Amino acid sequence: MTDTKTRLKRLQLEDVLRPYPTSEGAAVPRGGWLRAIREALGMTQAQLGGRASISRQSVQDFEHAEADRRITLESLDKLARAMGCRLVYALVPENGSVDALRERRALALAEVLLQPTDHSMKLEAQGVTAPERERQRRLLADTLLNGSPRKLWQ
C-alpha cells in the first residue's frame, strides 16, 4: 500500500511541476526578479515603496537581499503583489523529473554497494565482464527503487 501511495504522490507532483521550466531554463535575472520586473514596468523604487507601504530604501534593500538570495518569501510576496504579480514558489528537480532523480540516486548507490564485492572478485581473478557488471548494477538499482524509499538516501 505504501509503495502505491508513494508512487501516486510522485505522479501528482509530476503533474504539478509540468508547467514549470527545467532547472536549466529557470535562470534568475542578474539583479533578481524584483528589480527586473520593476524596471520592465517602468516603476521607480520610490513608486514600488509607496505601493507596498515601505520606503524607497527598503525596496533597494529588498532588491539587494533577493540578488544575494537572502530575502524572505514573505517580503518577496509582498513586493510582487505591489507590482501586480504573484509569487510562485517551486523546487524543480535538476536534470529531469523526481523519478529520474530517484533512478540516478539508485544507480549511484548500487555502484557504491557493488564496489567492495567487485574488488574482492577481481583480486581472486573472478571478476565479471563490464556488461555483466552493468547488468548487476541495474538489477541492484531496481531492487533499491522497489524497496524502502528511505534506503535510497541513507
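Rules and cut-offs
- Throughout, a residue's number is its position along its own chain's written sequence, starting from 1.
- Given that this is a predicted model, residues contribute local features only at a pLDDT of at least 70 and side-chain atom pairs are listed and counted only at 80 or more, while totals for whole chains, interfaces and linings are drawn from all residues.
- Calculated side-chain values reflect all of the structure's heavy atoms, with hydrogen atoms and water omitted.
- Helix numbering and strand numbering both begin at the N terminus, where a helix is a DSSP run of H or I of at least 4 residues and a strand a DSSP run of E of at least 2.
- Classification of residues uses two cut-offs on accessible area relative to the type maximum, computed with a 1.4 Å probe and protein chains only: under 20% is buried, over 50% is exposed, and between them is partly exposed.
- In this description, contact between two residues means that some pair of their heavy atoms is separated by no more than 4.5 Å.
- Pairs of N or O atoms are called polar contacts if they sit within 3.5 Å, as long as, within protein, a hydrogen donor faces a hydrogen acceptor (for residues adjacent in sequence, only side-chain-to-side-chain pairs).
- The span expected for a helix works out to 1.5 Å for each residue beyond the first.
- Here, the arc refers to the directions that run from the helix axis to the C-beta atoms.
- Here, nonpolar core means buried Ala, Val, Leu, Ile, Met, Phe, Trp, Tyr and Cys residues that are tied together by side-chain atoms lying within 4.5 Å of each other.

Participant: What's the story with the environment of Glu 14 in this structure? I'm lost.
Facilitator: With respect to the element layout, Glu 14 can be found in helix 1 (residues 2-17). Glu 14 gets classed as buried once you look at its relative accessible area, which sits at 17%. Each C-alpha atom, one on Glu 14 and one on Thr 44, is 39 Å from the other, the two residues being 30 residues apart in sequence. Contact partners of Glu 14, with chain neighbours within four places excluded, come to Ser 97, Val 98 and Asp 99. Of note is the side chain of Glu 14, whose polar atom sits 2.8 Å from the backbone nitrogen of Val 98.

Participant: Can you walk me through helix 4 (residues 56-67) in this structure?
Facilitator: Within an α-helix, residues lying three or four positions from one another point in the same direction, as the helix has 3.6 residues per turn. With 12 residues, helix 4 extends 17 Å from end C-alpha to end C-alpha; this agrees with the ideal 16 Å at 1.5 Å per step. For helix 4, the full list of buried residues reads Val 59, Glu 63, Ala 65 and Glu 66. End-on, the buried residues of helix 4 take up no more than an arc of 160 degrees, which puts them together on one face. Where helix 4 is buried, its residues contact helix 2 (33-41), helix 3 (45-52) and helix 5 (73-82). Where helix 4 terminates, the next one or two residues include Arg 69, which has phi positive at roughly 60 degrees.

Participant: Would you mind going over the nonpolar core with me for this structure?
Facilitator: Across soluble globular proteins, you tend to see nonpolar side chains buried next to one another. Grouped together as the largest cluster of nonpolar side chains are 11 residues: Leu 34, Met 43, Leu 48, Ala 52, Val 59, Ala 65, Ile 71, Leu 76, Leu 79, Ala 82 and Met 83. Residue assignment for this core shows that the elements contributing at least two residues are helix 3, helix 4 and helix 5. Per-element tally for this core: the top contributor is helix 5, with three residues. For Met 43, the residues in contact, after removing those within four places along its chain, are Arg 38, Leu 48, Arg 51 and Met 83. Counting eight residues, the second-largest nonpolar core is a separate cluster that includes Ala 106, Leu 109, Ala 141 and Leu 145.

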